[in-house]
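Spelled out, the chains give:
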Amino acid sequence: GAQYGLGICFRDGTGVPQDDREAARLVRRAANKGHAGAQNDLGRCYKLGRVMPQDDDEAARLFRRVAEQGYAIGQTSLGDC
């Protein structure tokens, strides 16, 4: 959770200089550890092509992981793919 929270701080420039690359790095690390919010946010980055190349397949894979953990946001995001 801490890596995800810090990633959001870098994304928004809250208390640290705004840095999309550092935000993505931290959110990815949290997502790789199973953090559902991070997985969903990273999926959105892939879906929209924000900070990383647009990749619908990777977005769907991440949204599916969130949905499989029982989070409705993952199910909603997966439905948007």
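**A short note on the packing of helix α3 (residues 36-48) against helix α4 (residues 56-68)**
Angle between the axes and distance between the axes are the two parameters that describe a pair of packed helices.
Point 1. Two numbers describe how α3 lies on α4: the axes approach to 8 Å, and their chain directions differ by 160 degrees. Classed by the angle they form, the pair α3 and α4 counts as roughly antiparallel. Crossing handedness for the pair α3 and α4: left-handed. Where α3 abuts α4, its residues Ala36, Gln39, Asn40, Leu42, Gly43, Arg44, Tyr46 and Lys47 lie against Asp56, Glu58, Ala59, Leu62, Phe63, Arg65 and Val66.
Point 2. Grouping the constituent residues of the contact of α3 with α4 by class yields 7 nonpolar, 3 polar and 5 charged.

**Here we look at the packing of helix α1 (residues 2-12) against α3**
Point 1. Interhelical geometry of α1 versus α3 gives an angle of 35 degrees and a closest axis separation of 10 Å. For the pair α1 and α3, contact is made by Tyr4, Ile8 and Arg11 and by Gly37, Ala38 and Asp41, respectively.
Point 2. Split into classes, the residues belonging to the contact of α1 with α3 amount to 3 nonpolar, 1 polar and 2 charged.

Cut-offs applied
- Residues numbered from 1 in each chain as written.
- Predicted model: local features only at pLDDT ≥ 70, side-chain atom pairs only at ≥ 80, totals over all residues.
- Heavy atoms only, no water.
- Axes fitted to C-alpha atoms, helices over the stretch in contact; angles between N-to-C directions.
- Helix = DSSP H or I, 4+ residues; strand = E, 2+ residues; numbered from the N terminus.
- Parallel < 35°, antiparallel > 145°, perpendicular 65-115°, else oblique.
- Left-handed = near helix turned anticlockwise from the far one by under 90°.
- Contact = heavy atoms within 4.5 Å.
- Nonpolar A, V, L, I, M, F, W, Y, C, P; charged D, E, K, R; others polar.

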